[in-house]
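Each chain, letter by letter, is given below.
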Amino acid sequence: MRLVLLGPPGAGKGTQARMLQDKLQAPQVASGDLLRAAVRNQTVLGLQAKAFMDSGALVPDELVLGMIEERLNQPDADSGFILDGFPRTVAQAEVLGQILAGRNERLDKVVAITVPDEEIVKRISGRRTCRSCGAMYHMSYEPPRKTGVCNDCGGELYQRDDDAENTVRSRLQVYASATKPLLDYYGNAGILAQIDGIGRPEEIERRIRSAAGID
Ligand code: AMP
């Protein structure tokens, strides 16, 4: 299945994409994770992308599109993928459509996860991410067993620079102006489903599976 998870930062796209990977036998392709890896590895792409990411702005298309195409061309994405954080603009969605058309493929479903802004700010400012495996925790709602240490891999937990409250508010504005138009774009294409993103992760996963027809 070729699935896109849409939604503001902190809607739970990453958590859900990771939960769905096994069931769908398709990898999570998270543009934010790929960009953070590039920053960590100090690649040319990472060095160019970092300032945009730190300020909560979108990284320019000429940096993001090649990176995504390269990732989708890897063999594990041959028969499906779960896109998380991409596309983020109508222009990106159009390029994605062209990439897939060139492979005789198309998206099966776009599921938009809806969460109110104030809930997002609460979620993200308490969020901690594992430097090694990307697992996420919340200091109040889902703390790790040992403070500052990932339950899964023992990696160090940190707060992303762009998870600070004022940057989260800028990211929400960017979402509203640049990404929300995708709801109409995919709505018009007849492949959009919207689900309520408030609830336990297992409950949200059930809603996504039912919206996308995954059994
Ligand atoms: P995320 O982890 O999806 O919240 O992304 C973190 C940051 O990476 C965003 O605030 C953007 O600066 C950048 N980013 C991730 N995906 C994209 C994309 N599809 N287009 C442009 N910038 C992106």
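Thresholds applied
Within every chain, residues take consecutive numbers counted from 1 along the sequence as written. The model is predicted, so local features are restricted to residues of pLDDT at least 70 and side-chain atom pairs to those at 80 or more, both for listing and for counting; the totals for chains, interfaces and linings are taken over all residues. Think of the side-chain values as coming from all heavy atoms in the structure, minus any hydrogens and water. Helix and strand assignments come from DSSP, with helices taken as H or I runs of at least 4 residues and strands as E runs of at least 2, each series counted from the N terminus. In a helix, the anticipated span is given by 1.5 Å times the number of residues less one. The classification of residues rests on relative accessible area computed with a 1.4 Å probe and restricted to protein chains. Under 20% of the type maximum is buried, over 50% is exposed, and intermediate values are partly exposed. Here, the arc refers to the directions that run from the helix axis to the C-beta atoms. What makes two residues a contact is simply this: any of their non-hydrogen atoms within 4.5 Å. The cutoff for a nearby residue is simple: one of its non-hydrogen atoms must lie within 4 Å of the molecule or strand. Here a polar contact is taken to be a pair of N or O atoms separated by no more than 3.5 Å, where protein atoms must pair a possible hydrogen donor with a possible acceptor and residues adjacent in sequence count only if both atoms sit in side chains. Using a 1.4 Å probe, accessible areas were evaluated by the Shrake-Rupley method; residue-level cover was limited to the displayed protein chains. For this classification, Asp, Glu, Lys and Arg are treated as charged, while Ala, Val, Leu, Ile, Met, Phe, Trp, Tyr, Cys and Pro are nonpolar and the rest, including Gly, are polar.

Visitor: In this structure, what is going on with helix α1 (residues 13-24)? I would like to understand it.
Guide: The periodicity of an α-helix, 3.6 residues per turn, causes residues three or four positions apart to be oriented the same way. The end-to-end C-alpha distance of α1 is 15 Å, a good match for the 16 Å that 12 residues give at a rise of 1.5 Å each. Buried within α1 we find K13, G14, Q16, A17, L20 and L24. The arc enclosing the buried residues of α1, seen along the axis, measures out at 150°, which places them on a common side. Turning to α1, the residues buried within the fold contact β1 (2-6), β2 (28-30), β3 (81-84), β4 (109-114) and α9 (201-212). The first or second residue beyond α1 is Q25, which carries a positive phi of 50°.

Visitor: Mind showing me how you'd approach the site of the ligand here?
Guide: In the neighbourhood of the ligand, 16 residues make up the surrounding shell, with S31, R36, A57, Q92 and R171 lying closest. Within the backbone of G85, an N or O atom sits 3.0 Å from a nitrogen atom of the ligand. Q92 is positioned such that a nitrogen or oxygen atom in its side chain is 2.9 Å from a nitrogen atom of the ligand. Burial of the ligand by the protein chains amounts to 96% of its free accessible area of 480 Å². No other element matches the four residues that helix α2 (residues 31-40) contributes to the shell around the ligand. Grouping the constituent residues of the shell around the ligand by class yields seven nonpolar, four polar and five charged.

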